[in-house]
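Given next are the chains, with one letter for each unit.
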Amino acid sequence: MAEKQGNQLKRKVMLTGTRPFWDNQLERLFVKENWEFFNAAGALEQTRETLRIHNIPVLIYVWPAERLAAERIDALQRLADILALAYEYEVEAVYFISTAAAVKGDAAQRAADGMAMVAETAVKAWSQWAVIPVTIIRLPEVYGPDSKAQDGLVARTLYASIKKEILPRMDDETTPRDFLYSADAVYGIYRAVARGCQGEELNLGTGRGLAAGAFAEWIKEVTELPGIYDEEKGFKSFPYVQPVLENRTAQQELGWQVKYDRKEALAQTWNYIQAKVEADRLEAQKRVRSIRWRKWYKDFIPYGENAIGAVLMAGVAYLQHGTTINPQTQLDVNFVYIGTMGLLYGKRQAFLAMVISIVIFIAASLARGGELISLIYVPENILHLTAYLFTAALTG
């Protein structure tokens, strides 16, 4: 029983580093296979607290492939912090998810992602010092559902095509580039962790790269978009050229192989992106309508409350037998009405309430049998209406 409980405690894994778009896919797979999954791509203190409380034996660190240089520099510091925590809390194994761009191609002078190469060297050196095994898993460009517009050449091309934006284009049109569907990438990572693969360097990929022309045909065949490499179109250079890595070791060690056909995988990605763009469009329209309604509602409320106040004042005058002045308190309720509108909504509503109060005052006087012409020559009435004006000016 104790042995079974110990094994159960070890079935925990934490994802940290940069948060990839496929993190939810990875979590669903681990949870399905009876693992306890922790996503700690947030603050460092949160990661520390999670490690301290849950005693997690396995860390998966994701390197920010194809991100801005400043973000990758920050990732080096975060990597150092995470490795320090891994040593402090006696983590048993670390899986470093790197990029194919960390490897120097045969014809290249250097690796395309020099900081990823530095990070790989650093985790290897740390592994020897800490005596904690590190497995490096390199991925080519990963595409699939849940991807956003910045997540690689495929996502950028599809989003840009739908939104009629400038298309990305590989800066080297002859060197092939590999593309791996997210479900295949996630399954390869899971197999490495579940099998306890330690101290290895594994390359996940199709092993079959696409040059620029073949990439354009692949996109066109699935999406039925017009040719994305027509000369008259505008383009924005896409800076990464990744070597196409062999995946023989991953196949032998993990029993892993590509499951999804490239055309089928792109079709699923395309369907997701179309639905996502449409959902975002509808959500944006909904927000615009909501903002307009709130603005209309906000503009209407003062006038609505002013109208209600006018009806109340007219009702009070009627109940007081044609006068706005209360016979017991000798207070004209119109002053309360004007002052309230002025204090709540400012000068415009105060003067509107003043005009309505004058109309109510005159109508009440006429209802009592008075004459309109006589109101002008009675000083008391003139002073009363002038007091309305001063109340509106002072409170508004």
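Every chain is numbered on its own, with residues counted from 1 as its sequence reads. In keeping with the model being predicted, local features are shown solely for residues with a pLDDT of at least 70 and side-chain atom pairs are shown and tallied solely at 80 or more, while totals for entire chains, interfaces and linings include all residues. For the side-chain quantities, the full set of heavy atoms in the structure was used; hydrogens and water were omitted.

**Concerning a nonpolar patch on the surface**
Nonpolar side chains (Val, Leu, Ile, Met, Phe, Trp, Tyr) within 5 Å and like charges within 9 Å form the patches, drawn only from residues with over 30% relative accessible area and no salt bridge. Only the protein chains shown count as cover for residues, with accessible areas throughout obtained via the Shrake-Rupley method and a probe of 1.4 Å. Salt bridges are counted wherever a side-chain nitrogen of Lys or Arg sits within 4 Å of a carboxyl oxygen of Asp or Glu. Together, Trp293, Trp296, Tyr297 and Phe300 make up a nonpolar patch on the protein surface, roughly 490 Å² of accessible area in all. Relative to the assigned elements, Trp296 resides in helix α10 (residues 262-319). Helix and strand assignments follow DSSP, with helices taken as H or I runs no shorter than four residues and strands as E runs no shorter than two, numbered in order from the N terminus.

**Examining the pattern of salt bridges**
A full pass over the atoms with the stated rule returns 15 salt bridges. Two residues, Glu88 and Arg48, come together in a salt bridge whose shortest N-O distance is 3.1 Å. Separated by 40 residues along the polypeptide, Glu88 in helix α4 (residues 69-88) and Arg48 in helix α3 (residues 44-54) bring together distant segments of the chain. Only protein chains enter the calculation, and the probe is 1.4 Å; a residue is then buried if its accessible area is under 20% of its type maximum, exposed if over 50%, and partly exposed in between. Residue class for Arg48 comes out partly exposed when judged on its relative accessible area of 27%.

**Observations regarding the pairing of strand β2 (residues 36-39)**
Note on pairing: DSSP must find at least two bridges between two strands before they are called paired. As defined by bridge partners, strand β1 (residues 12-17) adjoins β2 across four bridges and the pair is classed as parallel. In the sheet register, Val13 faces β2, and the bridge partner there is Phe37. Here is how to tell: hold the view so the strands point away, follow the path from the first strand over the helix to the second, and if it runs clockwise the crossover is right-handed. Handedness of the crossover joining β1 and β2 through helix α2 (residues 23-32): right-handed.

**Here we look at the packing of helix α6 (residues 152-163) against α10**
Closest axis-to-axis distance for the α6/α10 pair is 10 Å, and the angle between their directions is 45°. The angle between the axes of α6 and α10 places the two elements in the oblique class. For the pair α6 and α10, the crossing hand works out as right-handed. Where α6 approaches α10, its residues Val154, Ala155, Leu158, Tyr159, Ile162 and Lys163 are matched on the opposing element by Leu266, Thr269, Trp270, Tyr272, Ile273, Gln274, Lys276 and Val277. Classifying every residue of the contact of α6 with α10 by side-chain character gives ten nonpolar, two polar and two charged. Note on geometry: axes are C-alpha line fits, over the in-contact stretch for helices, and angles between N-to-C directions span 0 to 180 degrees. What sets the label is the angle itself: under 35 degrees gives roughly parallel, over 145 gives roughly antiparallel, 65 to 115 gives roughly perpendicular, and the rest give oblique. A crossing counts as left-handed when the near helix is turned anticlockwise from the far one by less than a right angle, and as right-handed when that turn is clockwise. Throughout, a residue-residue contact means that at least one pair of heavy atoms, one from each residue, lies within 4.5 Å. We call Asp, Glu, Lys and Arg charged. Ala, Val, Leu, Ile, Met, Phe, Trp, Tyr, Cys and Pro are nonpolar, and the rest, Gly among them, are polar.

**Re the nonpolar core**
Think of a nonpolar core as a cluster: buried Ala, Val, Leu, Ile, Met, Phe, Trp, Tyr and Cys residues, connected wherever their side-chain atoms sit within 4.5 Å. Counting residues in each nonpolar core, the largest one holds 31 residues, and the members touching the most others are Trp22, Leu26, Phe30, Ile60 and Leu139. Tallying contributions element by element places helix α7 (residues 182-194) first for this core, with six residues. With sequence-adjacent residues up to four places away left out, Leu26 is seen in contact with Leu15, Phe37, Ile60, Val186 and Ile189.

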